[in-house]
Amino acid sequence: MPLLNNSAAPATPKALATPKALSLFQLLTTVVKIVEERLGISIPECIQLRIKWGMHLPAFGFSPPPSPPSQSGRTSASAGGMTSLQMRRELGNIIFQLEESLGGPDEEDRAEPVAALAELIDEVYDSNAAMLGEYVRESGAVDMLVDCLCDPCPDVHQRALHIISNLSSDAFDPESSLTKQIFTQSGGVGMLVPLLEGEDPATAMYAAAATQNLALDEGFSVALAAGGAIESLQKLIASDVPEVARFAAGALKNVLQRESNSQSPDPATSLMASRR
């Protein structure tokens, strides 16, 4: 009797799945169906995006908050022509102001350095973007941004989410995996989950966008799933706001894929075990 060729006739996911894997498969199928039928777009795996501040907010029917003036007096026209040294100096000033403002009583003082950093991130590309990501990691600013997520002022935590979204994307910084790891180690998951569950659609959108990019880190996805965020993302994909649903769908797909991978045995380890 010839041996069965599993590669020629693969079993269905249902036949192979354990109860845990089957649940993940069903959730992934739900995400795809919602994206295709409700939003009319397809969400591939491993999405990593640059997120522009306010780029989707007009669809909510309101305008993004104005950017506070930068202390440096820099204009958008001059930002693109900065040298690396000028960039590091400005970053140093912004991060110093961010550290000084954390936990302060004045909302404008807390929002100004976060807005300045968000503005700078929107304007830099390529090697300057990679340098910015490296400087933010080395300066300890990732920890400060995690602290900003629990700030009650929307202008602070929404812009912090916007910054984290970009710093966690390979489309912005090829070394973004290092930022993802620092974010997770700094307790970022615990700060992010409540923002996914809030009532403000703008906060939910930026939180889902950040989750979508951060979820490419397996450790983050496992921690996020353990923190109950899968249920929160499932609720968001049913949102009447298309942008919220779209980012939540991408985030959920990435989280489930990474979390599922973490449950799967390493092929090489399984092969060695089978030969014993």
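Scroll up a little and you will see the structure.
Residues numbered from 1 in each chain as written. Predicted model: local features only at pLDDT ≥ 70, side-chain atom pairs only at ≥ 80, totals over all residues. Heavy atoms only, no water.

### Things to note about the pattern of salt bridges
Between side chains of opposite charge, a pair can form as their charged atoms come close. Worth spelling out the cut-off: Any carboxyl oxygen of Asp or Glu within 4 Å of a side-chain nitrogen of Lys or Arg constitutes a salt bridge here. Under the scheme used here, helices are H or I runs from DSSP no shorter than 4 residues and strands are E runs no shorter than 2 residues, and both carry numbers assigned from the N terminus. With a 1.4 Å probe rolled over the protein chains alone, any residue whose accessible area is under 20% of its type maximum counts as buried; one over 50% counts as exposed, and the rest are partly exposed.
Evaluation of the coordinates by the stated rule reveals three salt bridges. Between aspartate 151 and arginine 110 there is a salt bridge whose closest N-O contact spans 2.5 Å. Taken together, the residues aspartate 151 in the loop between helix 7 (141-148) and helix 8 (154-167) and arginine 110 in helix 5 (residues 107-123) connect sequence positions 41 residues apart. Look at aspartate 151 and you get buried, because its relative accessible area is 11%.

### Considerations on helix 11 (residues 201-214)
Let me state the cut-off plainly: By this rule, a helix spans an expected 1.5 Å times one less than how many residues it contains. Residues adjacent in sequence count toward polar contacts only when both atoms are side-chain atoms; beyond that, a polar contact is any pair of N or O atoms within 3.5 Å, and within protein one must be able to donate a hydrogen and the other to accept it.
The end-to-end C-alpha distance of helix 11 is 20 Å, a good match for the 20 Å that 14 residues give at a rise of 1.5 Å each. Extensive coverage of helix 11 is indicated by the burial of 13 of its 14 residues. You can read the cap of helix 11 off the contacts: a side-chain oxygen lies 3.0 Å from the backbone nitrogen of alanine 202, and it is on aspartate 200.

### A short note on the side chain of aspartate 155
Note that aspartate 155 resides in helix 8. Reaching out from aspartate 155, the side chain makes a polar contact with the side chain of arginine 159 at a distance of 2.7 Å.

### Structural notes on the environment of alanine 226
With respect to the helices, strands and loops of the structure, alanine 226 is situated in helix 12 (residues 218-226). The class of alanine 226 is exposed, set by a relative accessible area of 70%. Between the alpha carbons of alanine 226 and valine 189 there is a distance of 9.9 Å; along the sequence they are 37 residues apart.

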